Amino acid sequence: MSKKQPNRLATLIDHQAFAGSALPSTLADNMQLYTKATKEIKMLLVDCLPQEILDTCLVVGLTSEQVTLSVGSVTAANHIRYLQNAYLKVLKDQSITFKQLKHIRIVVTSYDAKNTGFNTQSSLQKTVLKPVQAINNQVLSQSTKRTISQAASHVTADKNLKLALLRLLND
């Protein structure tokens, strides 16, 4: 009888599951809790939050008094923070899980909702800092030159600053 071979194109988590490895029980329990809370929050706030925010919203922390949400943009985080009291009221009124909730904490992450697999190579590439290259001999646009020229002649009273701005225009 031949041993079944794992799919070479499967994700890392599928290979590990095939090999019989599993997440530690505390991590698996937390993941299950956060997944359940995410689904519940998305159901409760479906009429309150725009779909773009709901698509990237995930529960990444949960205590009896605080829920930590991960969203995909700073705009989404600001939106939730601005309307936090209204969302807290909806969650408290419509759910037993969030009855004692007092605060919503927001964390901004770059999360791709369409990517369901885990790719360590692309994750590492995103975090590697690219070297900053010096911008040499970059030409100023005409509107920038005009603005600098007007600032040098009309706004600036300091002689040294005026000379520096005029030198910038000539370089």
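Residues numbered from 1 in each chain as written. Predicted model: local features only at pLDDT ≥ 70, side-chain atom pairs only at ≥ 80, totals over all residues. Heavy atoms only, no water.

**Examining the overall build of the protein chain**
Reasoning step 1: The helix and strand tally for the protein chain stands at eight helices and three strands.
Reasoning step 2: N-terminal to C-terminal, the α/β element order of the protein chain is α-α-α-β-β-α-α-β-α-α-α.
Reasoning step 3: Across the 171 residues of the protein chain, 21% fall into the buried class.
Reasoning step 4: Partitioning the intrachain contacts of the protein chain with sequence separation of at least 6 by distance along the chain shows that 53% fall at a separation of at least 24.
Reasoning step 5: Accessible surface for the protein chain amounts to roughly 13400 Å². Of this, 55% is attributable to carbon and sulfur atoms. (Helix = DSSP H or I, 4+ residues; strand = E, 2+ residues; numbered from the N terminus. Buried < 20%, exposed > 50% of the residue type's maximum accessible area, 1.4 Å probe, protein only. Contact = heavy atoms within 4.5 Å. Areas by Shrake-Rupley, 256 points an atom, 1.4 Å probe, with all protein chains shown as cover.)

**Structural notes on the sheet that holds strand S1 (residues 58–62)**
Reasoning step 1: Read across the sheet, three strands follow the order S1-S2-S3 without closing on themselves; strand pairing throughout is mixed. Of all the strands in the sheet, just S1 and strand S3 (103–108) have a single pairing partner and so form its edges. When strand polarity is set aside, the average angle formed by the axes of neighbouring strands in this sheet is 30°.
Reasoning step 2: Pairing of S1 with strand S2 (residues 66–71), which is carried by four bridges, proceeds in the antiparallel orientation. (Pairing = 2+ DSSP bridges. Axes fitted to C-alpha atoms, helices over the stretch in contact; angles between N-to-C directions.)

**Here we look at the pattern of salt bridges**
Reasoning step 1: Under the criterion given, the structure shown has two salt bridges.
Reasoning step 2: Note that Lys 102 and Glu 65 form a salt bridge whose closest N and O atoms lie 3.5 Å from each other. In this pair, Lys 102 sits in the loop between helix H5 (84–94) and S3 while Glu 65 sits in the loop between S1 and S2, placing the two residues 37 residues apart along the sequence.
Reasoning step 3: The class for Lys 102 is exposed, based on a relative accessible area of 55%.
Reasoning step 4: The residue Lys 89 makes a salt bridge to Asp 93 at a minimum N-O spacing of 2.9 Å. Here Lys 89 pairs with Asp 93, and both are found in helix H5, just four residues apart, close to one helical turn. (Salt bridge = Lys/Arg side-chain N within 4 Å of Asp/Glu carboxyl O.)

**Considerations on helix H2 (residues 25–44)**
Reasoning step 1: When the terminal C-alpha atoms of H2 are compared, their 28 Å separation across 20 residues agrees well with the 28 Å that a helix rising 1.5 Å per residue should span.
Reasoning step 2: Listing the buried residues of H2 in full gives Ala 37, Thr 38, Glu 40, Ile 41 and Leu 44.
Reasoning step 3: Residues of H2 that are buried sit in contact with S1, S2 and H5. (Expected span 1.5 Å × (residues − 1).)

**Considering the side chain of Ser 70**
Reasoning step 1: Assignment of secondary structure puts Ser 70 in strand S2.
Reasoning step 2: Residue classification places Ser 70 among the buried residues on the basis of a relative accessible area of 5%.
Reasoning step 3: Side-chain polar atoms of Ser 70 contact the side chain of Thr 109, separated by 2.7 Å.
Reasoning step 4: Contact partners of Ser 70, with chain neighbours within four places excluded, come to Thr 56, Cys 57, Leu 58, Val 60, Val 107 and Thr 109. (Polar contact = N/O pair within 3.5 Å; in protein donor to acceptor, adjacent residues only side chain to side chain.)

**Brief notes about the confidence of the model for the protein chain**
Reasoning step 1: Within the protein chain, residue pLDDT values average 77, and 70% of them lie at 70 or more.
Reasoning step 2: Considering only residues more than four positions removed or in separate chains, one finds that residues 115–135, a stretch of pLDDT under 50, has two contacts. (pLDDT = per-residue confidence, 0-100.)

**Things to note about the nonpolar core**
Reasoning step 1: Membership of the largest hydrophobic core comes to 23 residues, with the highest contact counts inside it found for Ile 41, Leu 69, Val 71, Ile 80, Leu 91 and Ile 104.
Reasoning step 2: Sorting the residues of this core by element identifies H2, helix H3 (51–56), S2, helix H4 (74–82), H5 and S3 as the ones contributing at least two each.
Reasoning step 3: Per element, the largest residue contribution to this core is four residues, and it comes from H5.
Reasoning step 4: Those residues within four positions of Ile 104 in sequence are excluded, and the remaining contacts are Val 67, Leu 69, Ile 80, Gln 84, Tyr 87, Leu 88 and Leu 91. (Core = buried A, V, L, I, M, F, W, Y, C linked by side-chain atoms within 4.5 Å.)

**With respect to the environment of Cys 48**
Reasoning step 1: Locating Cys 48 in the fold gives a position in the loop between H2 and H3.
Reasoning step 2: Note on Cys 48: relative accessible area 32%, which makes it partly exposed.
Reasoning step 3: The contacts of Cys 48, once residues within four sequence positions are left out, are Tyr 87 and Val 90.

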